Amino acid sequence: MNGSVQGKKVVVGLSGGIAAYKTLTLIRLLVKNGAEVKCVCTPSALEFVTPLALETLSGYPLYSDLFSSRNESKTAHVGYADWADLMVVAPASANTIAKFAHGIADNALTTLFNAFDKTVVLAPAMNTRMYKHPATQSNLDMLRQWGVKVVAPASGALACGAQGEGRMPEPETLLAYTEWVCRHLPESSPLGKPQESSYYTGRKVLLTAGPTVEPIDPVRYLSNHSSGLMGCCLADELSLRGAEVYYVTGPARVRPHFAPYRLIPVQTAGEMYEAAVSLWPDMDAAILSAAVADYAPAVVSGQKIKKDSDLLCLELKKTQDILARLGNEKRKGQLLVGFALETENELENAESKLKRKNADLIVLNSLRNPGAGFAVATNQVTFVDRKGRVESLALKTKEEVASDILDYLPSLAES
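Residues numbered from 1 in each chain as written. Predicted model: local features only at pLDDT ≥ 70, side-chain atom pairs only at ≥ 80, totals over all residues. Heavy atoms only, no water.

## A closer look at the overall build of the protein chain
Test applied: By definition, any uninterrupted DSSP run of H or I lasting at least four residues is a helix, any uninterrupted run of E lasting at least two residues is a strand, and each is numbered from the N terminus. In this setup the radius of gyration rests on C-alpha atoms only. A globule is expected at 2.2 Å times the number of residues raised to 0.38. Any pair of residues with heavy atoms lying within 4.5 Å of one another is described as a contacting pair. Accessibility throughout is a Shrake-Rupley quantity obtained with a 1.4 Å probe, and a residue counts as covered only by protein chains that appear here. Residues scored as charged are limited to Lys and Arg (positive) and Asp and Glu (negative), so that His and the chain ends carry no count. Throughout, a charge is located at the NZ atom of Lys, the CZ atom of Arg, the CG atom of Asp or the CD atom of Glu.
In terms of helices and strands, the protein chain carries 13 helices and 21 strands. For the protein chain, the C-alpha radius of gyration of 24 Å lies close to 22 Å, the compact-globule estimate for 415 residues. Referenced to the eigenvectors of the C-alpha coordinate spread, the extents of the protein chain come out at roughly 85 × 50 × 40 Å. Long-range pairs, those at least 24 residues apart, make up 68% of the contacts in the protein chain with a sequence separation of at least 6. Of the roughly 19400 Å² of accessible surface on the protein chain, 50% is carried by carbon and sulfur atoms. Averaged over its 43 positive side-chain charges, the protein chain has a centre that lies 2 Å from the centre of its 44 negative ones.

## Considerations on the UniProt feature "binding site: CTP" (unreviewed entry) in the protein chain
Test applied: UniProt positions are given in the numbering used here, feature names are shortened, and annotations may be inferred rather than shown by experiment. Buried, partly exposed and exposed residues are distinguished by accessible area as a fraction of the type maximum, computed with a 1.4 Å probe on protein chains only: under 20%, between the cut-offs, and over 50%, respectively.
The feature "binding site: CTP" (unreviewed entry), as given by UniProt, occupies D294, K304, F339, K353 and K357 in the numbering adopted here. These annotated residues cover 64 residues of sequence, and their C-alpha atoms sit far apart, with the largest distance between any two at 37.5 Å. Secondary-structure assignment places K304 in the loop between β14 (295-297) and β15 (316-318). By relative accessible area, which is 46% here, K304 ends up partly exposed. Contacts of K304, omitting those with residues within four sequence positions, involve D217, P218, V219 and R220.

## Considerations on the packing of helix α8 (residues 171-183) against helix α9 (residues 229-240)
Helix packing for two helices is described by the angle between their axes and how far apart those axes are. What counts is decided by this rule: Angles shown run from 0 to 180 degrees and are taken between the N-to-C directions of axes, each axis being a line fitted to C-alpha atoms and, for helices, limited to the stretch in contact. Note on angle classes: values under 35 degrees are labelled roughly parallel, values over 145 roughly antiparallel, values of 65 to 115 roughly perpendicular, and the remainder oblique. All amino acids are sorted into three groups, where Ala, Val, Leu, Ile, Met, Phe, Trp, Tyr, Cys and Pro are nonpolar, Asp, Glu, Lys and Arg are charged, and the leftover types, Gly among them, are polar.
As a packed pair, α8 and α9 sit with axes 12 Å apart at the nearest point and diverge in direction by 75°. Considering the angle they form, α8 stands roughly perpendicular to α9. Between α8 and α9, the contacting residues are Y177, W180 and V181 on the first element and C233, D236, E237, S239 and L240 on the second. For the contact of α8 with α9, a count of residues per class yields five nonpolar, one polar and two charged.

## Thoughts on unusual backbone geometry
A cis amide bond links A90 with the next residue in sequence, P91, at an omega value of 0°. With respect to the helices, strands and loops of the structure, P91 is situated in strand β3 (residues 86-92). Even without being a glycine, N345 presents a positive backbone phi close to 45°. The residue N345 is located in the loop between β16 (335-342) and α12 (346-356) in this model.

## Details of the side chain of Q334
The following threshold applies: In protein, a polar contact means a hydrogen-donor-capable atom and an acceptor-capable atom, both N or O and within 3.5 Å, with residues adjacent in sequence counting only if both atoms are side-chain atoms; elsewhere, any N or O pair within 3.5 Å suffices.
Mapped onto the secondary structure, Q334 falls in the loop between α11 (322-329) and β16. Among the polar contacts listed, one links the side chain of Q334 to the backbone oxygen of W280, at a separation of 2.8 Å. Within polar-contact distance, the side chain of Q334 engages the backbone nitrogen of R331 at 2.9 Å. Other than its neighbours up to four places away in sequence, Q334 contacts W280, P281, M283, D284, E329 and D360.

## A look at the sheet that holds strand β13 (residues 285-288)
Backbone-to-backbone hydrogen bonds pair the strands of a sheet. The strands run either parallel or antiparallel. As a reminder of what qualifies: Only strands that DSSP links by at least two bridges are regarded as paired with each other.
Spatial strand order, β12-β11-β8-β13-β16-β17-β19-β20: eight strands in an open sheet with mixed pairing. Both edges of this open sheet fall to β12 (262-265) and β20 (390-392), since each of them pairs with a single strand only. Mean inter-strand twist for the sheet, computed between neighbouring axes without regard to direction, equals 15°. Sheet topology places β13 next to β16; four bridges connect them, and they run parallel. Within the sheet, the bridge partner assigned to A286 lies in β16 and is L336. Its contacts with the sheet place α12 against β16, β17 (361-366), β19 (381-385) and β20, and it is angled at close to 155° to β17.

## Remarks on the UniProt feature "coiled-coil region" (unreviewed entry) in the protein chain
Using the residue numbers shown here, the UniProt feature "coiled-coil region" (unreviewed entry) corresponds to residues 340-367. End C-alpha to end C-alpha, residues 340-367 measures 11 Å, and it is 39% helix and 32% strand.

## Some details on the packing of aromatic side chains
Stated formally: Two rings from Phe, Tyr or Trp (for Trp, the six-membered ring) form a pair when their centres are within 6.5 Å of each other. A pair whose planes differ by under 30 degrees is stacked, one over 60 is edge-to-face, and the rest are tilted.
Counted according to the given criterion, the structure contains five aromatic pairs. Arranged with centres 4.0 Å apart and planes meeting at 15°, the rings of F100 and F113 form a pair that is stacked. Of this pair, F100 sits in helix α4 (residues 94-102) while F113 sits in helix α5 (residues 108-115); the two residues are 13 residues apart in sequence, bridging distant segments of the chain. Grouping residues by exposure puts F100 and F113 together as buried. Look at F383 and Y408: their rings are 4.8 Å apart centre to centre, the planes differ by 50°, and that puts the pair in the tilted class.

## Regarding the pattern of salt bridges
This is how the line gets drawn: Each reported salt bridge corresponds to a side-chain nitrogen of Lys or Arg within 4 Å of a carboxyl oxygen of Asp or Glu.
Summed over the entire model, instances satisfying the criterion amount to 13 salt bridges. R220 is the partner of D217 in a salt bridge, and the nearest nitrogen-oxygen pair spans 2.6 Å. K396 is paired through a salt bridge with D404; the nearest N and O atoms lie 2.6 Å apart. Classification of K396 as partly exposed rests on a relative accessible area of 24%. A single network of salt bridges, built from pairs that share partners, joins K22, R167 and E170.

Encoded structure:
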């Protein structure tokens, strides 16, 4: 992702909150990766960071006082809006979020927001109860509908001493999110104009990812070569599009850049099955990208199996079929996506899987295609859907494939 902010002009906005100390690192990272940065902040933000620090890191004067004689012009908020390609507000306090949502322009940051008609990235940071309060959630929903990109807060230790949701993500995560957004900035239309609400905005999506591991004994297990990268790309893209992601993942080597709405770590196919089945009734869609073991040892030894003979015979039993179970219980309005990795009779097997499992879409890829499959950054897929359409795509990065899948899926939604 590095380089996506190269040459971009970024306004970094800060509101009052202890997380403002992280924003100093974010500014440094943006500048290091080739962005020009100007800082705008509320009066409360200066209780946590100093003007000198912000100006030193950005290389530009700080805009924090609407009426300061140091401002570049009497209408600095308009000038900053004209100059910037996008604005990143981190941290965004409950107070500032409320002012944004209701058009209150009483300081440099909120006035700039009202004049800003381009892309805005918002990183809420506050106490868990403040974040989950209906007023805050309603304000965030309103901002999302206007096209504002809201970064899901992380969970962990909060300034008040409590544990919970509300931490501002780490600067590296915010940089990755900003880079991702920069790659999706409109090129032929004004940046950040209020967009039509994404199909995924507010929808709950179950996403499975990574491999599963099936224990043989306390030391050994059966697994596969899945890195979990495809699931990560789907989780990131779903988050960008406003979905609530329920991320059920095996022990993958990678994790999404943007904190999923809920992370459900599992190990075995059985654990993934139970998690998916329990979540499915409340979901709007499920995308099953995990490489789930088809078979598991029938008996797991309680002790390490000794190397006593030249041959070791393992009795395997079939694991429970997640896609089939979800397809059998699918209700009207739910969308179900499965993946198929084949080595022969690819299209025939994918079409059969689609019908047998009652899926809406099968994403087919073949190990015979160079650059496709496990542990690589690219994939070449074919979409096979319940309307009888078959669409083969060129070799692309897995990030691009994730975007293509999510662009395609709404065409299968029932009207």
